[in-house]
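Given next are the chains, with one letter for each unit.
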Amino acid sequence: GLRAFSYAFPDDDDLLYAFFFSTAKTFGKASLHFGGRYERYEDYPGRFIPRLGFSYKLSPNLSFVLSYTEGVNIPSFYHQEDRTINFPGGFRYSFRKLSLEKEKTLQASLVYALGTGIFLRNTLFYQVQKERIWHDPQVRAEINLPKFSVSGFESELKLRLREHLAFLNLTLFKVEKDKPIPFIYDGKYVAGIPRLMLKGGFSFRLPLPYEAYLSSSFKVIGNTKAKDGEGVPPYSVVDLYLLFKPKPYFDFGFRVENLFDKHYQRAGGGSIGVPWEGRRASFDLNFRF
């Protein structure tokens, strides 16, 4: 019941390019970091994205890190132009070209390192999001949301051995302030932002005559339901990745997302992160010259 629209690639003078730089200066136990990039997104205006950081080593195993970052997310090419969707029954709805998704993040972390193999990082963060891209997979539509802010806490434990790596990450979110959002919710709940998110995984080298690694990861996303019960219910996904490196200059991988092919029913609202399509497999090849 949906109508597909044709589109053309941008002209040669509407190119995507970026310039990156980074520098750091150490003063005894303290260090300052400054970096950034300038990016030009086709017919979107170019913008400078800074990154500032400060770290201080409280003890040989404990460090304090304070950072400020900015970021952007470009919409898919299909959504870089005005479009109209025809629904069954003759109903039509027009969507405007989407703006760049922008965010500003301030975070403070305590990082504890036990030897060279165990790391524990606890972080408090505050993020302001503007023009966040919200996606409804049922009607295949995206819109930019009003400006709002999110605060949270993140704790990550990482174990790194010579040929093994494991991690566990817990993140808690809270929407601090937002404006009424048409078609979604009012109040302090935004579809697509969960109350909590738990991620984990491991990677180890396989006993083969060449380099090969098996990696598995999972994520558990808490519900994004508002007080009226509408929203996205909790869901979980397991991914698997195999990496083969027969030569130093060549590697290839095989990835399976949503390994157990779980399907989730939408209960109003939407989130671009929910794997509605079920299991998905992909390959990648990399050559270095």
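Residues numbered from 1 in each chain as written. Predicted model: local features only at pLDDT ≥ 70, side-chain atom pairs only at ≥ 80, totals over all residues. Heavy atoms only, no water.

Structural notes on a nonpolar patch on the surface
No. 1: Nonpolar side chains collect at one region of the surface, where Tyr112, Leu114, Ile118, Leu120, Leu157, Leu159, Leu161, Leu168, Phe218 and Val220 lie side by side and expose about 800 Å² of accessible area between them.
No. 2: Broken down by secondary-structure element, the contributors of at least two residues to the nonpolar patch are strand S7 (101-114), strand S8 (118-130), strand S11 (148-160) and strand S14 (211-221).
No. 3: Tracing the backbone shows leucine 120 in strand S8. (Patch = residues over 30% accessible without salt bridge, like charges linked within 9 Å, V, L, I, M, F, W, Y side chains within 5 Å. Areas by Shrake-Rupley, 256 points an atom, 1.4 Å probe, with all protein chains shown as cover. Salt bridge = Lys/Arg side-chain N within 4 Å of Asp/Glu carboxyl O. Helix = DSSP H or I, 4+ residues; strand = E, 2+ residues; numbered from the N terminus.)

Digging into the confidence of the model for the chain
No. 1: With 69% of its residues at a pLDDT of 70 or more, the chain has an overall mean of 78.
No. 2: A low-confidence stretch, residues 266-273 stays under pLDDT 50, and its non-local contacts, those more than four residues away or across chains, total 28 contacts. (pLDDT = per-residue confidence, 0-100. Contact = heavy atoms within 4.5 Å.)

Overview of the packing of aromatic side chains
No. 1: All chains considered together, the criterion is met by 8 aromatic pairs.
No. 2: Ring centres of phenylalanine 21 and phenylalanine 34 lie 5.5 Å apart, and the angle between their planes is 55°; this geometry places the pair in the tilted category. A residue pair is termed long-range when its members are at least 10 positions apart, and phenylalanine 21 in strand S1 (residues 16-27) and phenylalanine 34 in strand S2 (residues 30-41) qualify at 13 residues.
No. 3: On the basis of relative accessibility, which here comes to 38%, the residue phenylalanine 21 falls in the partly exposed class.
No. 4: When its relative accessible area of 35% is taken as the criterion, phenylalanine 34 is described as partly exposed. (Phe/Tyr/Trp six-rings, centres within 6.5 Å; stacked < 30°, edge-to-face > 60°. Buried < 20%, exposed > 50% of the residue type's maximum accessible area, 1.4 Å probe, protein only.)

As for the environment of alanine 18
No. 1: Within the secondary structure layout, alanine 18 lies in strand S1.
No. 2: For the pair alanine 18 and phenylalanine 48, spaced 30 residues apart in sequence, the C-alpha to C-alpha distance is 9.6 Å.
No. 3: The contact partners of alanine 18, leaving out residues within four places of it in the chain, are Tyr38 and Glu39.

A word on the side chain of serine 149
No. 1: Relative to the assigned elements, serine 149 resides in strand S11.
No. 2: With relative accessibility at 6%, the residue serine 149 sits in the buried group.
No. 3: A distance of 3.3 Å separates a polar atom in the side chain of serine 149 from a polar atom in the side chain of tyrosine 126. (Polar contact = N/O pair within 3.5 Å; in protein donor to acceptor, adjacent residues only side chain to side chain.)

Topic: the pattern of salt bridges
Side chains that carry opposite charge are capable of pairing whenever their charged atoms lie near each other.
No. 1: Within this structure, the stated rule accounts for 4 salt bridges.
No. 2: Notably, a salt bridge pairs arginine 121 with glutamate 154, separated by 3.5 Å at the nearest N-O pair. Note that arginine 121 is positioned in strand S8 and glutamate 154 in strand S11, a separation of 33 residues in sequence.
No. 3: Among the ionic contacts, a cluster of salt bridges with common partners joins Arg121, Glu154 and Glu156.

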